[in-house]
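Descriptive analysis of the structure
So the chains spell out like this:
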Amino acid sequence: MDRRVIPSPMDTVFEYDYSVKAEDMRSLYEKAKRDQWNASRDIPWDTPEPSDGRTLADEMVDIYGSPIWNKMSEKERVELNQRITAWRLSVLVYGEQGALLACSQLVDTVSGTDQKFFQATQVVDEARHNEVLERYIATRLNGLHYPMPENERVLFDTILSDSRWYIKTIALQLVAETFAVSMFKMMAECAHDPLLQEVCRRILQDESRHMGFGMLALPEVIRGASPAERSEMEEFTCVAIEKVLTGFFPVDAYRDLGFSDAQLREVQAYRRDVAARNDYAVFRKYFKRDMHTSMVNNLARLGLLTERVRPRLAALGIELPAAA
Ligand SMILES: [Fe+2]
Ligand SMILES: [Fe+2]
């Protein structure tokens, strides 16, 4: 399927006052204009490919070091490495498309010229991320894409079909983008292909601005929300976190390499075992630090996660800060 059409009822807010009203939002807009880059010109596309054919470090393959891994040939390991890269980049490139669409809706639906100007820059940023990841997939991975995972599709359907800008912002700028940032950080530091490292580093330059929008725009709407509205926001925040933290396993990549159902069960058991031993260095270093620290702290600081949902977060391995 080449495209998907999502119905989306929205009110478009037409502003008449274009003076600066929110200084901090306007300065985020200034930073966005200053720090634009060009995916055609600023990425060293002629970087030679790694001679061993790997795109990621093998340590980033879930089953690295497991009994199954140890039995695999060099050729199979390289193929798995590339397929897992293709799977992860597919998830990310769909996320960039979803972000592009959500931000174009935000240009319409947010109130305030400063907010609209900033969102216009995020539209360009997300188009560039969509472009640069697609070009990497075409250049290095023969254009191999995997289908959009169910959880990601459901999350973006919700973001794109809910008419309220703050629901889009909670799910996109604060939850989904924090998840993407963790992935990009991991790849910027651990990719085996220097070209992939550079692509990820460039994308990351834009991301802190995007989260900044959420942190600047949301407090006012949260302060003005009724208790019922607040608990709806909190509920939605939890659902978004659950969607990004589950269902992120590249089962199709393993299947394409010829893994049987029994072998897949072994792979999943190995992953669970490693996670339970808290032994997965890459995961611990990046996901725990970013997802669990910056995202959860930010959401709790905004009042979007409270004691009420502590057990629900604990089930995902997330500890709510004590002050929340
Ligand atoms: Fe992006
Ligand atoms: Fe972004």
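You'll find the structure just up there.
Residues numbered from 1 in each chain as written. Chains lettered and ligands numbered in written order. Predicted model: local features only at pLDDT ≥ 70, side-chain atom pairs only at ≥ 80, totals over all residues. Heavy atoms only, no water.

Looking now at the environment of Arg-265. Looking at the element boundaries, Arg-265 is found in helix α10 (residues 261–276). Using a relative accessible area of 57% as the deciding quantity, one classes Arg-265 as exposed. Along the chain, Arg-265 and Lys-243 lie 22 residues apart, while their C-alpha atoms are 22 Å from each other. (Helix = DSSP H or I, 4+ residues; strand = E, 2+ residues; numbered from the N terminus. Buried < 20%, exposed > 50% of the residue type's maximum accessible area, 1.4 Å probe, protein only.)

Only Glu-96 (OE), Glu-126 (OE) and His-129 (ND1) from the protein coordinate the iron ion (ligand 1), and they sit 2.0 to 2.2 Å from it. Counting residues between consecutive donors of the iron ion (ligand 1) along the chain gives the motif E-x29-E-x2-H. Between the iron ion (ligand 1) and the iron ion (ligand 2) the interatomic distance comes to 3.1 Å, and Glu-126 is a ligand of both metals. With Glu-126 and His-129 both in helix α4 (residues 113–140), this residue pair falls three residues apart, about one helical turn. Classification of His-129 as buried rests on a relative accessible area of 0%. (Donors = N, O, S within 2.8 Å, 3.2 Å for Na, K, Ca; no water.)

Here we come to the nonpolar core. With 99 residues, the main nonpolar core has Ile-63 and Tyr-254 as its most contacted residues. Residue contributions to this core peak at 18 residues, all from helix α6 (residues 165–190). (Core = buried A, V, L, I, M, F, W, Y, C linked by side-chain atoms within 4.5 Å.)

Turning our eyes to something else, we now look at the coordination of the iron ion (ligand 2). Protein coordination at the iron ion (ligand 2) comes from Glu-126 (OE), Glu-177 (OE), Glu-207 (OE), Glu-207 (OE) and His-210 (ND1), with a distance range of 1.8 to 2.6 Å. Sequence positions of the donors to the iron ion (ligand 2) reduce to the motif E-x50-E-x29-E-x2-H.

Further remarks concern the packing of aromatic side chains. On inspection of all chains with the given rule, the structure shows seven aromatic pairs. With a centroid separation of 5.6 Å and 65° between ring planes, the pair formed by Tyr-64 and Trp-69 is classed as edge-to-face. Given the relative accessible area of 3%, Trp-69 is considered buried. Here Phe-118 and Phe-213 contribute two aromatic rings whose centre-to-centre distance is 5.7 Å and whose plane-to-plane angle is 10°, an arrangement assigned as stacked. Residue Phe-118 is found in helix α4, and its partner Phe-213 is found in helix α7 (residues 194–223); the two are separated by 95 residues along the sequence. An aromatic cluster is built from Phe-249, Tyr-254 and Phe-259, whose rings are joined through pairwise contacts. In this structure, Arg-128 is placed above the aromatic ring of Trp-37, and the distance from its NZ or CZ to the ring centre is 4.7 Å. (Phe/Tyr/Trp six-rings, centres within 6.5 Å; stacked < 30°, edge-to-face > 60°. Lys NZ or Arg CZ within 6 Å of the ring centre and 35° of its normal.)

On to the side chain of Arg-209. With respect to the helices and strands, the residue Arg-209 is situated in helix α7. A residue is classified by how much of its surface remains accessible, and Arg-209, at 4% relative accessible area, is buried. Contacts of Arg-209, omitting those with residues within four sequence positions, involve Leu-28, Lys-31, Ala-32, Asp-35, Gln-36, Phe-118 and Asp-125. (Contact = heavy atoms within 4.5 Å.)

Scanning the model with the defined rule gives 29 salt bridges in all. Ionic pairing is found between Asp-256 and Arg-83, a salt bridge with its closest N-O pair at 3.3 Å. Placement of Asp-256 in helix α9 (residues 251–256) and of Arg-83 in helix α3 (residues 74–109) is noted, with a sequence separation of 173 residues between them. Judged by its relative accessible area of 43%, Asp-256 falls in the partly exposed class. Here Arg-83 falls in the buried class, since its relative accessible area comes to 19%. A salt bridge links Asp-125 to Arg-128; its shortest N-O distance comes to 2.7 Å. You can see Asp-125 and its partner Arg-128 sitting in helix α4, three residues apart, about one turn around the helix. For the pair Asp-125 and Arg-128, a shared accessibility class is recorded, and that class is buried. Through salt bridges with shared partners, a single ionic network connects Arg-4, Glu-150, Arg-153 and Asp-157. (Salt bridge = Lys/Arg side-chain N within 4 Å of Asp/Glu carboxyl O.)

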